Amino acid sequence: MSILDSKIPQGPLAEKWSRHKTAIKVVSPANKRKLEIIVVGTGLGGASAAASLAELGYNVKAFCYQDSPRRAHSIAAQGGINAAKNYQNDNDSVYRLFIDTIKGGDYRSREGNVYRLAEVSNNIIDQCVAQGVPFGREYGGLLANRSFGGALVSRTFYARGQTGQQLLLGAYHALNRQIAAGSIEMYTRHEMLDVVIIDGKARGIITRDLVSGKIKRFGAHAVVVASGGYGNVFFLSTNAMGSNGSAAWQCYKKGAWFSNPCFVQIHPTCIPVHGDQQSKLTLMSESLRNDGRVWVPKDKAVAEKLRKGEIGPGDISEEERDFYLERRYPSYGNLVPRDVASRAAKERCDAGYGVNAEGKAVYLDFKYSIERLGKNVIEARYGNLFQMYEKITDVDPYKEPMMIYPAIHYSMGGTWVDYNLMTTIPGLYSIGEANFSDHGANRLGASALMQGLADGYFVLPYTIGDYLASEIMVPKTDTKAPEFEAAEKAVTQRIEKLFNIKGTKPVDYFYKKLGQIMWDYVGMSRNAEGLTKAIKLIKEVREEFWKDVKITGEPNNLNPELEKAGRVADFFDIGELMARDALDRNESCGGHFRDESVTDDGEAKRDDENFTYVSCWEWKGEGLEPALHKEELVFENVKLTQRSYK
Amino acid sequence: MADKILKKLNIKVWRQNNAADKGRFETYTIDNISGGSSFLEMLDILNNKLILEDKDPIAFDHDCREGICGTCSLFINGRAHGPDEDITTCQLHMRKFKEGETITIEPWRAASFPVIKDLVVDRTAFEKILQAGGFISVRTGGVPDANSIPIPYEDVEESMDAASCIGCGACVAACKNSSAMLFVAAKVSHLGKLPQGRVEAKQRARSMVSKMDELGFGGCTNTRACEVECPKNISITHIARLNREYLTARLSE
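Residues numbered from 1 in each chain as written. Chains lettered and ligands numbered in written order. Predicted model: local features only at pLDDT ≥ 70, side-chain atom pairs only at ≥ 80, totals over all residues. Heavy atoms only, no water.

*Asks:* What is the right way to read the overall build of chain B from this model?
*Replies:* On a plain count of helices and strands, chain B comes out with 9 helices and 7 strands. For the C-alpha atoms alone, the extent of chain B along its principal axes is close to 60 × 45 × 35 Å. Burial analysis of chain B (253 residues in total) assigns 59% to the buried set. Intrachain contacts of chain B at a sequence separation of at least 6 include 69% that bridge at least 24 residues. On chain B, roughly 9,600 Å² of surface is accessible, and the fraction owed to carbon and sulfur atoms is 51%. Averaging the locations of the 32 positively and 34 negatively charged side chains of chain B gives two centres separated by 4 Å. (Helix = DSSP H or I, 4+ residues; strand = E, 2+ residues; numbered from the N terminus. Buried < 20%, exposed > 50% of the residue type's maximum accessible area, 1.4 Å probe, protein only. Contact = heavy atoms within 4.5 Å. Areas by Shrake-Rupley, 256 points an atom, 1.4 Å probe, with all protein chains shown as cover. Lys, Arg positive; Asp, Glu negative; His and termini not counted. Charge placed at Lys NZ, Arg CZ, Asp CG, Glu CD.)

Shown next as structure tokens:
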């Protein structure tokens with residue numbers, strides 16, 4: 001089917017990107033000045049794209065819901081960013097990074113895209129250093145690296161436990177420079193509520209000014225959505241409170257296909273849920289697994305005593321500790337990929353070995369590293385993470401092991417894009433976490449930052465020219481066009497509808513219910529019965545929401561409840577699509593684990609014969625079942641094997 | 001260890017419907033808050049209670065809730081980010097408060113940060129200061145290999161200390177002069193301690209300081225209140241560096 005042409009270039013893997021760059025069209029500087037591009041979201045993808053496009057000479061309008069572009073949730077990434085620099089002389093290469101990422105993604109991503117990602121990874125590090133990102137260094141003054149899950153080489157660059165912050169500040173500086181130069185108009189506290197399609201092409205967006213409540217129209221020659229992931233569908237996740245799937249979802253409802261929605265990442269090292277008043281979960285960087293050892297007691301009775309608070313971890317002798325990751329996966333040990341580590345933690349807790357009052361935590365112990373390296377070294381490496389842990393839990397992790405449990409962290413699925421990062425709607429692009437393209441069924445640690453910046457700095461600025469070259473004769477978009485009129489009206493009516501329900505319960509009531517359904521049935525392990533039930537339950541809660549939600553305040557003022565209501569309304573739909581997708585994919589791969597598809601020793605069992613495809617969902621209308629299309633994944637270079645970290 | 005439950009708290013909070021509104025304090029009571037809950041979770045619970053009582057919930061800025069995005073900005077019991085050290089409001093936990101206590105919550109108070117609604121303020125002035133020169137002027141592409149410029153370990157560490165600034169504005173809120181010197185100094189040190197950033201160092205200090213003055217932030221009188229309340233523990237020694245940088249820039253004019 002022509003609409004699903006992934007446009008992966010022909011030729012040898014290592015030459016695809018360079019051949020493609022030669023083949024695609026380029027827009028002249030004089031014409032770039034006439035063209036307008038909208039960028040929605042200012043995280044690593046959005047900020048780097050907006051800055052790079054403006055530097056090229058395009059007129060850029062950038063939007064974010066936060067009060068500053070610097071606050072996008074990329075800021076919270078802790079551990080690092082991968083690149084195939086081979087600075088450690090440990091036999092790393094572009095090819096090895098490619099292989100690790102493909103394998104880490106459990107062979108559900110495109111070879112061509114992943115190779116390109118590995119290829120540009122080195123440019124990213126150069127770019128960031130030039131911008132003034134203070135990456136960690138050795139005493140000789142050269143860049144330092146650390147190890148991350150799913151790799152046997154040391155290729156992760158870092159700025160303490162604040163790598164995302166520093167990379168985002170780099171992109172934000174570049175963005176600010178262009179704002180000052182007048183080539184970017186920045187709109188903060190603006191939320192995109194719809195995309196406008198004219199004659200089949202993306203021509204603009206409708207936003208709500210979150211301060212005045214005013215609905216506004218913005219036109220352009222192309223729209224780039226860099227709005228991040230939809231992990232907050234689970235209510236509790238490591239995402240920021242405002243992170244949402246609505247921009248991507250509006251694109252879907254306007255005809256952009258949505259891929260692999262069931263692929264979400266559950267991060268193994270988060271601070272466990274505490275009581276019932278919790279609003280969000282806090283991640284403890286994966287880098288901690290470099291120096292922390294994961295364990296639970298060998299004996300259930302001992303675990304029982306821990307849960308009752310009768311004994312502490314210090315009372316358990318070496319022989320009584322089960323370092324289950326080292327036991328099950330001797331070659332990768334504590335550094336197995338995230339999905340493997342998460343499931344292993346769940347398995348131990350479900351079997352009755354959990355160590356906190358709720359029985360839903362395992363230990364991450366630094367005692368051994370502190371003995372080996374000294375407290376100073378551990379403090380230098382992870383000081384800010386240890387401080388964060390202590391502030392939240394009131395426990396000093398230098399003295400007692402951390403308690404951790406898996407939590408929703410990242411969405412690999414997202415808007416379908418071709419090799420040019422264009423969606424199924426011409427002129428509409430999706431980059432960073434918002435698209436589906438590079439991480440398959442599981443993302444390796446330190447690869448999200450790499451992908452966001454690869455898309456924004458080095459891929460989109462090239463590929464968007466190929467489309468815009470044919471737009472140079474198109475005049476400035478008229479925002480008085482009937483399509484804008486209609487889109488604005490629909491947005492206004494939806495807001496009125498929410499206000500007019502005048503129900504009895506706040507948004508959170510429904511949101512928490514949705515989150516619980518998602519976690520119970522569309523979480524770490526899934527089965528046909530549970531997924532079918534989830535679809536039914538989600539429909540019920542959605543119906544209740546639209547009958548009984550209560551929004552206070554005014555539409556034409558700052559109104560966080562209204563913002564949340566709109567996002568949650570979309571989360572019901574996203575949650576349902578995730579459950580449908582998970583139901584269709586009757587195999588276990590990466591972060592998606594189906595109880596029906598396991599090996600004899602309890603590991604995830606992929607089914608390459610039937611599921612080597614990207615699922616692509618097409619919106620068919622309100623209340624109608626979406627249509628499933630499939631993009632077959634072709635592997636020309638990699639042999640598909642059952643992933644093993646043993 | 002189970003956290004204690006605070007059976008009753010009084011929340012005295014600044015309410016102001018918009019920038020034009022005069023604003024006033026209102027006091028609400030709230031029951032059964034776990035000491036393990038965060039301060040913002042307490043506000044979530046209060047807001048859901050207000051909604052059920054047909055009242056407008058309290059608007060406050062927040063996003064990552066893990067102390068890094070810099071969005072949250074509350075003045076609690078007379079302190080920026082409340083009664084704990086080296087944290088943002090979202091990392092403050094209720095175990096820091098006493099049973100029956102009255103907790104006073106205000107927005108950042110500074111002429112350059114006008115109130116938008118309730119506890120939400122407009123920090124666009126910070127954006128403008130950074131846009132005035134808080135960057136290194138490099139384009140995407142065409143840069144040298146990352147390891148071509150060795151940088152002494154100590155210099156990078158110092159740069160990183162300054163780069164940890166989250167732009168929350170606590171320094172301004174804590175300062176009796178509403179000065180933004182610590183914020184500006186942090187950026188000047190972050191970039192100025194690196195060889196890449198030296199090229200534009202003088203120009204940067206000059207333009208950021210003049211933009212700060214233009215936007216109505218006050219001057220620094222070394223009270224160190226900013227350093228005390230900075231959630232990222234950024235030292236005022238960076239202000240000393242900024243002053244040196246600024247003076248050299250002016251002298252070389």
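*Asks:* Can you help me understand the overall build of chain A in this one?
*Replies:* The number of helices and strands found in chain A is 18 helices and 19 strands. Nonlocal contacts in chain A, meaning residues at least 24 apart in sequence, comprise 75% of its contacts between residues at least 6 apart. For chain A, the exposed area adds up to about 21,400 Å²; of that, 50% sits on carbon and sulfur atoms. Charge centroids of chain A, computed over 82 positive and 82 negative side chains, lie 3 Å from each other.

*Asks:* Honestly, the pattern of salt bridges in this entry has me stumped. Any pointers?
*Replies:* All names here are of chain A. Taken as a whole and assessed by the stated rule, the structure comprises 86 salt bridges over all chains. Notably, a salt bridge pairs arginine 108 with aspartate 608, separated by 2.9 Å at the nearest N-O pair. With a gap of 500 residues between them, arginine 108 in the loop between α4 (94-104) and α5 (111-131) and aspartate 608 in helix α18 (residues 608-611) connect regions that are remote in the sequence. In this structure arginine 108 comes out as buried when scored by relative accessible area, which is 1%. On the accessibility criterion, aspartate 608 (25% relative accessible area) is partly exposed. Taken together, the shared-partner salt bridges in this structure form one network comprising Asp106, Arg108, Arg585, Glu587, Arg606 and Asp608. (Salt bridge = Lys/Arg side-chain N within 4 Å of Asp/Glu carboxyl O.)

*Asks:* Sorry if this is basic, but what is going on with the domain arrangement of chain B here?
*Replies:* Often, the extent of an interface is quoted as the loss of accessible area upon association of its parts. Residues and elements named next belong to chain B. Looking at the assigned domains, one finds that chain B contains domain 1 (5-117) and domain 2 (123-251). Computed over C-alpha atoms only, the centres of domain 1 and domain 2 are separated by 29 Å. Taking both sides of the interface into account, the surface hidden between domain 1 and domain 2 amounts to around 1,500 Å²; carbon and sulfur atoms contribute 53%. The largest share of the area that domain 1 buries against domain 2 comes from Asp86, Ser112 and Phe113, three residues that together contribute 35% of it. Here domain 1 is connected to domain 2 by 2 salt bridges. Across the pair arginine 123 and aspartate 61 runs a salt bridge whose closest N-O atoms are separated by 3.6 Å. (Domains from an automatic or database assignment. Buried area = accessible area lost by both parts, 1.4 Å probe.)

*Asks:* Whenever I open this one, the pairing of strand β18 (residues 613-618) of chain A confuses me. Can you help?
*Replies:* Regular strands place their side chains on alternate faces of the sheet. Residues and elements named next belong to chain A. With 5 of its 6 residues buried, β18 lies for the most part within the structure. Here strand β10 (residues 258-259) runs beside β18; their pairing, made up of 2 bridges, is antiparallel. Bridge pairing in β18 links serine 259 to cysteine 616. (Pairing = 2+ DSSP bridges.)

*Asks:* In this structure, what is going on with helix α12 (residues 375-393) of chain A? I would like to understand it.
*Replies:* Helical periodicity: at 3.6 residues per turn, an α-helix aligns residues three or four positions apart in one direction. Residue and element names in this part refer to chain A. Between its first and last C-alpha, α12 extends only 20 Å over 19 residues, short of the 27 Å set by a 1.5 Å rise per residue. The largest bend along α12 measures about 85° and falls at tyrosine 382. Regarding α12, the residues found buried are Ile378, Tyr382, Leu385, Phe386, Met388, Tyr389, Lys391 and Ile392. Those residues of α12 hidden inside the fold are in contact with α11 (367-373) and β15 (402-411). (Expected span 1.5 Å × (residues − 1). Bend = angle between axes of the 7 residues up to and from the residue.)

*Asks:* I tried to follow the nonpolar core on my own but got confused; where do I start?
*Replies:* Most often, soluble globular proteins keep nonpolar side chains buried together rather than apart. Residues Ile81(A), Phe135(A) and Ile464(A) are the most contacted members of the largest nonpolar core, which totals 120 residues. Per-element accounting of this core gives the leading share, 11 residues, to helix α13 (residues 448-468) of chain A. Formed jointly, this core draws a minimum of three residues from each of two domains, domain 1 (5-117) and domain 2 (123-251) of chain B. Those residues in contact with Phe135(A) that lie beyond four places of it in its chain are Ile81(A), Ile125(A), Cys128(A), Val129(A), Leu143(A), Phe157(A), Tyr158(A), Ala159(A), Thr163(A), Leu167(A) and Val156(B). (Core = buried A, V, L, I, M, F, W, Y, C linked by side-chain atoms within 4.5 Å.)

*Asks:* Sorry, what's going on with the sheet that holds strand β6 (residues 190-198) of chain A here?
*Replies:* Note on sheets: strands pair through backbone hydrogen bonds, and any given pair is parallel or antiparallel. Residues and elements named next belong to chain A. In space, the 3 strands of this open sheet follow the order β6-β7-β8, with antiparallel pairing throughout. Strands with a single pairing partner mark the edges of an open sheet, and in this sheet they are β6 and β8 (215-219). Adjacent strand axes in the sheet meet at a mean angle of 25°, parallel and antiparallel pairs treated alike. The pairing of strand β7 (residues 201-209) with β8 spans 5 bridges and is classified as antiparallel. When the bridges of β8 are listed, isoleucine 205 appears paired with phenylalanine 218. Sheet strands in contact with helix α14 (residues 482-501) are β6, β7 and β8, and its direction is about 140° off that of β6. (Axes fitted to C-alpha atoms, helices over the stretch in contact; angles between N-to-C directions.)

*Asks:* Which parts of the structure should I look at to understand the interface of chain B and chain A?
*Replies:* Counting residues at the interface gives 77 residues for chain B and 79 residues for chain A. Both sides together, the interface formed by chain B and chain A hides about 6,600 Å², and carbon and sulfur atoms give 50% of it. Of all residues in chain B, Asp63(B), Glu66(B) and Thr140(B) bury the most surface against chain A, accounting for 11% of the area lost on that side. The tally of links between chain B and chain A comes to 9 salt bridges. Linking Asp161(B) and Arg160(A) is a salt bridge whose minimum nitrogen-to-oxygen distance equals 2.9 Å. Our count for the contact surface shared by chain B and chain A stands at 52 residue pairs in polar contact (both at pLDDT 80 or more). Elements represented by at least two residues in the side of chain B that touches chain A include exactly β2 (24-34), α1 (39-52), β6 (115-117), β7 (120-121), α2 (124-131), α3 (153-163) and α5 (181-192) of chain B. Top element by residues in the side of chain B that touches chain A is α3(B). It accounts for 8 residues. Tallied by class, residues from the side of chain B that touches chain A come to 32 nonpolar, 22 polar and 23 charged. (Polar contact = N/O pair within 3.5 Å; in protein donor to acceptor, adjacent residues only side chain to side chain. Nonpolar A, V, L, I, M, F, W, Y, C, P; charged D, E, K, R; others polar.)

*Asks:* Looking at this model, I keep getting lost on the sheet that holds strand β17 (residues 428-430) of chain A. Mind explaining?
*Replies:* All names here are of chain A. Strand order in the open sheet made by the 5 strands is β5-β2-β1-β9-β17, with parallel pairing throughout. Among the strands making up the open sheet, the edge pair consists of β5 (184-187) and β17. Neighbour to neighbour, the strand axes of the sheet diverge by 20° on average, direction disregarded. Judged from the 4 bridges that link them, strand β1 (residues 36-40) and strand β9 (residues 222-225) form a sheet pairing that is parallel. Across the sheet, the residue bridging to isoleucine 37 is alanine 222, located in β9. Relative to the sheet, α13 contacts β1, β9 and β17, its axis offset from that of β9 by approximately 150°.

*Asks:* Honestly, unusual backbone geometry in this entry has me stumped. Any pointers?
*Replies:* Phi is mostly negative for residues that are not glycine, and the peptide bonds are mostly trans. A positive phi angle, close to 55°, is found at Asn86(A), a residue other than glycine. Mapped onto the elements, Asn86(A) comes out in the loop between β3 (81-82) and α4.

*Asks:* For this particular structure, what's the right way to read the packing of aromatic side chains?
*Replies:* The geometry of two aromatic rings is summed up by the distance between their centres and the angle between their planes. All names here are of chain A. Counted according to the given criterion, the structure contains 39 aromatic pairs over all chains. Between phenylalanine 545 and tryptophan 546, the ring centres sit 5.4 Å apart and the planes meet at 90°, which makes this aromatic pair edge-to-face. In this structure an aromatic cluster arises from ring pairing among Tyr230, Trp249, Tyr252, Phe258 and Trp619. When the ring centre of tyrosine 462 is taken as origin, the NZ or CZ atom of lysine 21, which lies over that ring, is 5.3 Å away. Above the plane of the ring of tyrosine 398 lies lysine 375, whose end atom (NZ or CZ) is 4.6 Å from the centre. (Phe/Tyr/Trp six-rings, centres within 6.5 Å; stacked < 30°, edge-to-face > 60°. Lys NZ or Arg CZ within 6 Å of the ring centre and 35° of its normal.)

*Asks:* What exactly am I supposed to notice about the state of the cysteines here?
*Replies:* Among covalent bonds in proteins, the disulfide is the one between the sulfur atoms of two cysteines. Residue and element names in this part refer to chain B. Per the stated rule, a full pass over the model turns up 0 disulfides over all chains. Cysteine cysteine 69 shares no disulfide, and the gap to the nearest cysteine sulfur, in cysteine 64, comes to 3.7 Å. Take cysteine 69: its relative accessible area is 3%, and that puts it in the buried class. Take cysteine 175: it sits in no disulfide, and the sulfur closest to it among the cysteines is that of cysteine 226, at 6.7 Å. (Disulfide = S-S within 2.5 Å.)

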